[in-house]
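# Working through the structure, step by step
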Amino acid sequence: MKRKIVVNCFLAFVILPVLFFIQYYRGEISRGYPNTYTLYENIGRFFYVYGYMLPSALFTLFILLPFQSIKDNMNDNHKPFSFVGKWMTISALIMFYLLLCGMFLNIWMIPWWHNFAYPVFALGLGGCANILLYFMVDRHVE
């Protein structure tokens, strides 16, 4: 139980902000903004724009907690839950919340072909999260 809590907190409060920073920094470069800031200043700008605790806490509450509940339920019912099944489950949870937030944010205001990045983002983030959870939690707990 302790391992699940520690790894989920590590995933939400360390790995997730790093992935979001890489995406933010890549977007700054692809838009052609001259990047005259140091890495320290870029990290400060990123956390000023996106915050740190709120996205991580929301990721923990709305994605990791239901995902762990689904995995525990499948484990209690003695049904095999494969690596790909876990990956698709967490990716579906991420995609559900992306679509839910997209109804209220600018996801529908941009050209429709730009929205194909969101399923790729959900699969990538779900894959990274699932790989980390598999090697640090599932192999030892299950």
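Up top you'll find the structure we're talking about.
Residues numbered from 1 in each chain as written. Predicted model: local features only at pLDDT ≥ 70, side-chain atom pairs only at ≥ 80, totals over all residues. Heavy atoms only, no water.

## Some points on the nonpolar core
As a reminder, the rule being used: Buried Ala, Val, Leu, Ile, Met, Phe, Trp, Tyr and Cys residues that are joined via side-chain atoms within 4.5 Å together make up what is termed a nonpolar core. Accessible area is worked out with a 1.4 Å probe on protein chains only. A residue is then buried under 20% of its type maximum, exposed over 50%, and partly exposed in between. Here a strand is any run of E in DSSP of at least two residues, a helix any run of H or I of at least four, and the numbering for each starts at the N terminus. By definition, residues are in contact when any of their heavy atoms lie within 4.5 Å.
Core analysis: the biggest nonpolar cluster contains 18 residues, and Leu11, Phe59, Leu64, Ile90, Ile94 and Leu133 have the highest contact counts within it. Those elements that place two or more of their residues in this core are α1 (2–30), α3 (53–76), α4 (83–102) and α5 (117–141). Among the elements that make up this core, the one with the highest residue count is α5 (six residues). The contact partners of Phe59, leaving out residues within four places of it in the chain, are Leu11, Ala12, Leu16, Leu64, Ile94 and Leu125.

## A closer look at the packing of α3 against α5
In plain terms, the rule: Axis angles are defined between N-to-C directions and span 0 to 180 degrees, where every axis is a line fitted to C-alpha atoms and, for a helix, only to the segment in contact. Note on angle classes: values under 35 degrees are labelled roughly parallel, values over 145 roughly antiparallel, values of 65 to 115 roughly perpendicular, and the remainder oblique. Note on convention: the crossing is left-handed when the near helix lies turned anticlockwise from the far helix by less than a right angle, right-handed when the turn is clockwise. Gly is placed with the polar residues, together with every amino acid not listed as nonpolar (Ala, Val, Leu, Ile, Met, Phe, Trp, Tyr, Cys and Pro) or charged (Asp, Glu, Lys and Arg).
Between α3 and α5, the least distance of the axes is 13 Å, while the angle of their chain directions is 55°. The orientation of α3 with respect to α5, classified from their angle, is oblique. As for how α3 packs across α5, the hand of that crossing is right-handed. In this structure, α3 contributes Phe59, Leu64, Phe67, Gln68 and Lys71 to the contact, and α5 contributes Leu125, Asn130, Leu133 and Asp138. Looking at the contact of α3 with α5 residue by residue, the class counts come to five nonpolar, two polar and two charged.

## A word on empty space enclosed by the protein
Threshold: Lining residues are those with an atom within 4 Å of a point, where the points come from a 1 Å grid over the protein atoms alone and group into cavities, where a 1.4 Å probe fits but cannot get out, or pockets, open sets with protein on both sides within 12 Å along at least five of seven lines. Grid points are joined across faces, edges and corners, and a volume is the space filled by probe spheres set on the points.
For the coordinates displayed, the defined rule picks out one cavity of 30 Å³ or more. In this structure, the largest cavity encloses a volume near 30 Å³. Lining the largest cavity, in full, are Leu11, Ile15, Leu16, Leu19, Phe59, Leu125, Cys128 and Ala129. Elements that contribute at least two residues to the lining of the largest cavity include exactly α1 and α5. Ranked by the residues each element gives to the lining of the largest cavity, the list is headed by α1, at four residues. Residues belonging to the lining of the largest cavity are distributed by class as follows: eight nonpolar, no polar and no charged.

## A few points about the pattern of salt bridges
This is how it is decided: Salt bridges are defined by distance alone: a side-chain nitrogen of Lys or Arg within 4 Å of a carboxyl oxygen of Asp or Glu.
This structure, assessed with the given rule, holds three salt bridges. A salt bridge links Lys4 to Asp72; its shortest N-O distance comes to 2.6 Å. Within this pair, whereas Lys4 is found in helix α1, its partner Asp72 is found in helix α3, the two being separated by 68 residues in sequence. Classification of Asp72 by relative accessible area gives partly exposed; the value is 29%. Between Asp138 and Lys71 there is a salt bridge, with the nearest N and O atoms lying 2.7 Å from each other. Of this pair, Asp138 sits in helix α5 while Lys71 sits in helix α3; the two residues are 67 residues apart in sequence, bridging distant segments of the chain. Look at Asp138 and you get buried, because its relative accessible area is 4%.

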